[in-house]
Amino acid sequence: MLNKKDLLPAEEYDEKRKRLVRALGWQGPVYGISAVTGEGTQQLTQDLMRQLEAIWQLERTQQGATPVDEAWDPLDR
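None of these values were measured; they are calculated from a predicted model.

So what exactly am I meant to see when it comes to helix H1 (residues 10-24) here?
Every α-helix carries 3.6 residues per turn, so stepping three or four residues along brings you back to the same face. Its 15 residues give H1 an end-to-end C-alpha distance of 21 Å, which sits within 8% of 21 Å, the value for a rise of 1.5 Å per residue. Gly25 sits one or two positions beyond H1 and adopts a positive phi of about 70°.

This is the structure in structure tokens:
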């Protein structure tokens, strides 16, 4: 996740992002966000929730429970 996206012109941000990802050898998703403007935060939180739900389903399956179609509720423990 790269924050402060709003501080650079789009072209400069894209170039710096590409160089950083290449230098790190990063293969996963990269989220450019701005906490100030909210840009990119919705996609980040949606993808994060999907990952948490997938982990929850896997844990349930490993514990012998059957997978469920309902969404994970972190407050339902």
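The structure having been displayed, the exposition proceeds.
Hey, could you run me through unusual backbone geometry in this one?
When glycine is set aside, most residues are seen to have a negative phi, and most peptide bonds are trans. Here the phi dihedral of Lys4 falls at roughly 70°; this positive angle occurs in a residue that is not glycine. Its location among the elements puts Lys4 in the segment before H1.

For this particular structure, what's the right way to read the environment of Ile33?
Note on placement: Ile33 falls in the loop between H1 and helix H2 (41-62). Separated by 27 residues in sequence, Ile33 and Asp6 place their C-alpha atoms 7.9 Å apart. In this view, Ile33 contacts Met1, Leu2, Asn3, Lys4, Lys5, Glu39, Gly40, Thr41 and Leu44; residues no more than four positions away in its chain are not counted.

What's the story with the environment of Lys5 in this structure? I'm lost.
Its location among the elements puts Lys5 in the segment before H1. On the accessibility criterion, Lys5 (23% relative accessible area) is partly exposed. Remark: the alpha-carbon pair of Lys5 and Ala35, spanning 30 residues in sequence, is separated by 8.6 Å. Other than its neighbours up to four places away in sequence, Lys5 contacts Tyr13, Gly32, Ile33, Ser34 and Glu39.

Before we go on, may I ask you to explain the environment of Lys4 in this structure?
With a relative accessible area of 51%, Lys4 lands in the exposed category. With 28 residues separating them in the primary sequence, Lys4 and Gly32 have C-alpha atoms 8.0 Å apart. Setting aside anything within four residues of it in sequence, one finds Lys4 in contact with Ile33 and Ser34.

What should I look at first to understand a nonpolar patch on the surface in this one?
Together, Leu20, Leu24 and Trp26 make up a nonpolar patch on the protein surface, roughly 340 Å² of accessible area in all. Position of Leu24 among the secondary structure elements: in helix H1. Exposure remark for Leu24: the relative accessible area of 62% places this residue in the exposed category.

Thresholds, definitions, all that
Residues numbered from 1 in each chain as written. Predicted model: local features only at pLDDT ≥ 70, side-chain atom pairs only at ≥ 80, totals over all residues. Heavy atoms only, no water. Helix = DSSP H or I, 4+ residues; strand = E, 2+ residues; numbered from the N terminus. Expected span 1.5 Å × (residues − 1). Contact = heavy atoms within 4.5 Å. Buried < 20%, exposed > 50% of the residue type's maximum accessible area, 1.4 Å probe, protein only. Patch = residues over 30% accessible without salt bridge, like charges linked within 9 Å, V, L, I, M, F, W, Y side chains within 5 Å. Areas by Shrake-Rupley, 256 points an atom, 1.4 Å probe, with all protein chains shown as cover. Salt bridge = Lys/Arg side-chain N within 4 Å of Asp/Glu carboxyl O.

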